[in-house]
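One letter stands for each residue in the lines below.
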Amino acid sequence: MAITRFSKSPLTRVCAAGAGLSMAAMFAIIFVNSVRRYTIGKSFEWGEELPIYMGIYGMMFGVAYAYLEDRHIRFTLVIDLLSERAQQKLFAAVDLVVALCGGLLAWSGYLFVASRGNLESPGLVGRVGDLAEATGQPWMEVFALMGFWQASMIAGGIALCFAALSKFGERRGQFKRRRR
Amino acid sequence: MAIAILIAGLAIGMPIAFAIVAALLYFMAAGDFPYQLRIVATEMFKGVNSYPLLAIPLFILAGELMNASGITSRIIAFANVLVGRLRAGLALVNIWASVIFAGLSGSAVADTSAIGRVFIPEMEKHGYNRAYAAALTAASSVIGPIIPPSIPVIIYALTVTGVSVPALFVAGVVPGVLLAIFLSVYVMATVKIDHGAEAEALSSGQSAGKALIGGIVPLLMPVFVVGSILMGVVTPTEAASFAVAYALIVGVGFYRQIRISDLPRIFASSMRDSAVIVVIIAAVAAANWLLTYNRVPNDVTAWVLTNVDSQFSFLVVVILLFLFVGLFLEGIAAMLVLVPILHPIAVSLGVDPTHFGIVVIFNLMIGLITPPLGLCLFVAEGIAQVGMARLTRAVLPFFAVEVLVLVIITFVPETVIGLPRLLGY
């Protein structure tokens, strides 16, 4: 798969694959739903909700992916005054703070799911129920629960935590190589 | 303490979104009832749980696909036929290529990157100062988010009530073109080295007719996308999905510059770049919950309405505030924090909401070329490598031209709302 060709670390591959697949699914659903609406006058009842949730999962993977590739917008006025070595040390410290932040976000997401996760998604519940019944797979009903989609905050927090720790490890490796 | 965490986080180079999230997490974890850690994830989720917001990643994807289709060279050849033979031809092609590019990407940073790679070396080769070329490229890129389709416009319309995306799209056309005209007049009046012949280098031996035909394919996309939104046929999100489909057909089928195997990379990088913007929206949504819960917007509104009694003085304060804030805060973050507070005040004072929206967006986009956080300036410097101090000096005259246009569109509202009214918005 081409997605694995442009990145090396497994974590980057997972985040890139998650982000790319979410984008592709989101585009496909919105496009097909719009074409159906303007051609045959019908649209999927889940055609608006599902791409939103796909987009949120995609965003959370994209956030970690962007962190791994140093793409996030930073305020660099103060750190530009420091030497490159000091900057790298500061960025390594930032990586640890962001890892902690990702962990806490995941915990916050868990509390969110625990308190509101049992709500049903109005656009999905009908179709998911039909699908579970038709396939004889009751576990599929999990897709109708908001908790499954709210869990994107847990997944994103964990991915961000790992991305920041991975970045920290990368910077530490660079320090060691420079010392040698 | 939470404010101290935010400031310290920003100062040590923490990404803006995470600095906000870190401050909120601390506040919620350490605070008494009703503050709970759960609120951060809840409000972030709510902040991005929006169908219209999906237009942002889709427009970014359409722009990426168009870029990968080798569209830049076609746009430049097209602009070259239109203005390349005039005085300061190369500089003019740079500006008008940005206008056309604006209709495709809606992102100033993408514009600086795509146009800058071609123009900065080319303009230097023909006698322009390298810093001047980089400064002009960054300055003309500001047109991108003003002319539709525009990502800041979508975010603005989501942030406030009573303003529609189509109305804001139409309202941005005249200010965007006005800025291009003012920049063109400025370069024609000040540049003495280029009399048009040099611009022929950009045509790569193509005939004018071929260049014009080559430019029509990319130009059809904004015409089709914006046209269908304005006619009320599709919503902005649906239009963005049609733009992606169009870009796919052009890139894969028509120009054959994109291979199917390139698509996963393009989809992933588009979502990555979208996430950088959307996570700021999510973080600021959570911060706004806290501000609203504590009635900060109401208190600020009451204070301003007691102390500012006219539209004129309010708009002067807004211009100065956003120019100042634009120096230190990323435009979208600044918009998300300040607009929910300032928009109701503007409406209370009788300012047209669409007019106010475009003034705010134009104002914040100027921040893209002001140090220390001018993103277009960073991108141009990355290509030109002339040093930030030299580039900042070179960009100052363009900054002055942009502020002049800002003053015009602020105090002559017809320049902004004339076209939407003509079209019935």
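Residues numbered from 1 in each chain as written. Chains lettered and ligands numbered in written order. Predicted model: local features only at pLDDT ≥ 70, side-chain atom pairs only at ≥ 80, totals over all residues. Heavy atoms only, no water.

Student: What is the right way to read the nonpolar core from this model?
Tutor: Buried together is how nonpolar side chains tend to be arranged in soluble globular proteins. All names here are of chain B. Grouped together as the largest cluster of nonpolar side chains are 211 residues, with contacts concentrated most on Tyr 156, Val 187, Phe 314 and Phe 356. The leading source of residues in this core is helix α13 (residues 263–293), at 18 residues. In contact with Tyr 156, other than residues within four places in its own chain, are Val 163, Leu 168, Met 335, Val 339, His 343, Pro 353, Phe 356, Gly 357, Val 360 and Ile 361. (Core = buried A, V, L, I, M, F, W, Y, C linked by side-chain atoms within 4.5 Å. Buried < 20%, exposed > 50% of the residue type's maximum accessible area, 1.4 Å probe, protein only. Helix = DSSP H or I, 4+ residues; strand = E, 2+ residues; numbered from the N terminus. Contact = heavy atoms within 4.5 Å.)

Student: Would you mind showing me how to read the confidence of the model for chain A here?
Tutor: Should pLDDT be low for a region, the predicted coordinates there are not to be read in detail. Across chain A, pLDDT averages 89, with 96% of residues at or above 70. For residues 1–7 of chain A, every residue scores under 50 in pLDDT, and the model assigns this stretch 14 contacts once sequence neighbours within four places are set aside. (pLDDT = per-residue confidence, 0-100.)

Student: Explain the packing of aromatic side chains here, please?
Tutor: Ring pairs (aromatic) are described by centroid distance and by the angle formed between their planes. Counted by the stated rule, this structure contains 24 aromatic pairs over all chains. Judged by centre distance (5.4 Å) and plane angle (20°), the ring pair of Tyr 53 of chain A and Trp 149 of chain A falls under stacked. In this pair, Tyr 53 of chain A sits in helix α2 (residues 49–68) while Trp 149 of chain A sits in helix α5 (residues 146–150), placing the two residues 96 residues apart along the sequence. Geometrically, the ring pair formed by Phe 254 of chain B and Tyr 255 of chain B is tilted, given 5.4 Å between the ring centres and 50° between the ring planes. Taking relative accessible area as the criterion, Phe 254 of chain B reaches 53% and is therefore assigned exposed. The rings of Tyr 53, Tyr 57, Phe 112, Trp 139, Phe 143, Phe 148 and Trp 149 of chain A together with Phe 45 of chain B are connected pair by pair, giving a single aromatic cluster. For Arg 272 of chain B, the ring lying beneath its charged end belongs to Tyr 65 of chain A, and the centroid distance is 5.5 Å. (Phe/Tyr/Trp six-rings, centres within 6.5 Å; stacked < 30°, edge-to-face > 60°. Lys NZ or Arg CZ within 6 Å of the ring centre and 35° of its normal.)

Student: Looking at this structure, how should I read the pattern of salt bridges?
Tutor: Once their charged atoms are close, side chains differing in charge can pair, the charge on each being opposite to the other. Summed over all chains, the structure comprises eleven salt bridges over all chains. With its nearest N and O atoms 2.1 Å apart, the salt bridge here joins Glu 238 of chain B to Arg 37 of chain A. One end of the pair, Glu 238 of chain B, is in helix α12 (residues 236–254); the other, Arg 37 of chain A, is in helix α1 (residues 10–39), on a second chain. Owing to a relative accessible area of 3%, Glu 238 of chain B belongs among the buried residues under this scheme. Residue classification places Arg 37 of chain A among the partly exposed positions, given a relative accessible area of 32%. The closest approach of N and O atoms between Glu 170 of chain A and Lys 167 of chain A, which form a salt bridge, is 3.3 Å. Residue Glu 170 of chain A and its partner Lys 167 of chain A are both found in helix α6 (residues 152–179); the two are separated by three residues, about one turn of the helix. Residue class for Lys 167 of chain A comes out buried when judged on its relative accessible area of 6%. (Salt bridge = Lys/Arg side-chain N within 4 Å of Asp/Glu carboxyl O.)

Student: Hey, could you run me through a negative patch on the surface in this one?
Tutor: Residues and elements named next belong to chain A. On the surface, Glu 45, Glu 120, Asp 130, Glu 133 and Glu 141 cluster together into a negatively charged patch. Within the secondary structure, Glu 45 sits in the loop between α1 and α2. Glu 45 gets classed as partly exposed once you look at its relative accessible area, which sits at 49%. (Patch = residues over 30% accessible without salt bridge, like charges linked within 9 Å, V, L, I, M, F, W, Y side chains within 5 Å. Areas by Shrake-Rupley, 256 points an atom, 1.4 Å probe, with all protein chains shown as cover. Lys, Arg positive; Asp, Glu negative; His and termini not counted. Charge placed at Lys NZ, Arg CZ, Asp CG, Glu CD.)

Student: Looking at this structure, how should I read the confidence of the model for chain B?
Tutor: Put simply, chain B has an average pLDDT of 85, and 96% of its residues get 70 or more. Prediction confidence for the complex, expressed as pTM and ipTM, is 0.84 and 0.91 respectively.

Student: Mind showing me how you'd approach the environment of Val 278 of chain B here?
Tutor: Positionally, Val 278 of chain B belongs in helix α13. For the pair Val 278 of chain B and Leu 53 of chain B, spaced 225 residues apart in sequence, the C-alpha separation works out to 8.5 Å.

Student: Honestly, the interface of chain A and chain B in this entry has me stumped. Any pointers?
Tutor: For interface size, the figure often reported is the accessible area lost on association. With 63 residues of chain A in contact, the opposing surface of chain B contributes 58 residues. Summed over both sides, the interface between chain A and chain B buries roughly 5,200 Å², with carbon and sulfur atoms accounting for 80% of that surface. By the criterion of area lost to chain B, the three top residues of chain A are Met 23, Ile 73 and Phe 75 of chain A, representing 15% of everything that side buries. Counting the contacts that link chain A with chain B gives three salt bridges. Listed by contribution, the elements that provide at least two residues to the side of chain A that touches chain B are α1, α2, α3 (84–116), α5 and α6 of chain A. Broken down by element, the side of chain A that touches chain B gets its largest block of residues, 15 residues, from α3 of chain A. Split by residue class, the side of chain A that touches chain B holds 42 nonpolar, 14 polar and seven charged. (Buried area = accessible area lost by both parts, 1.4 Å probe. Nonpolar A, V, L, I, M, F, W, Y, C, P; charged D, E, K, R; others polar.)

Student: In this structure, what is going on with unusual backbone geometry? I would like to understand it.
Tutor: Trans peptide bonds make up the majority, and among non-glycine residues the majority have a negative phi. The omega torsion of the bond from Pro 148 of chain B to Pro 149 of chain B falls at -10°, within 30 degrees of zero and hence cis. By secondary structure assignment, the location of Pro 149 of chain B is in the loop between α8 (130–141) and α9 (151–159). Located in the positive-phi region is Asp 70 of chain A, a residue other than glycine, with phi close to 55°. Locating Asp 70 of chain A in the fold gives a position in the loop between α2 and α3. Even without being a glycine, Arg 256 of chain B presents a positive backbone phi close to 55°.

Student: How do you make sense of the environment of Pro 15 of chain B when you look at a structure like this?
Tutor: When you line up the elements, Pro 15 of chain B lands in the loop between α1 (2–11) and α2 (16–30). Taking the C-alpha atoms as reference, Pro 15 of chain B lies 9.5 Å from Val 276 of chain B; in sequence the two are 261 residues apart. Once residues within four sequence positions are removed from consideration, Pro 15 of chain B is found in contact with Tyr 67, His 72, Ile 73, Arg 74, Val 94 and Val 98 of chain A.

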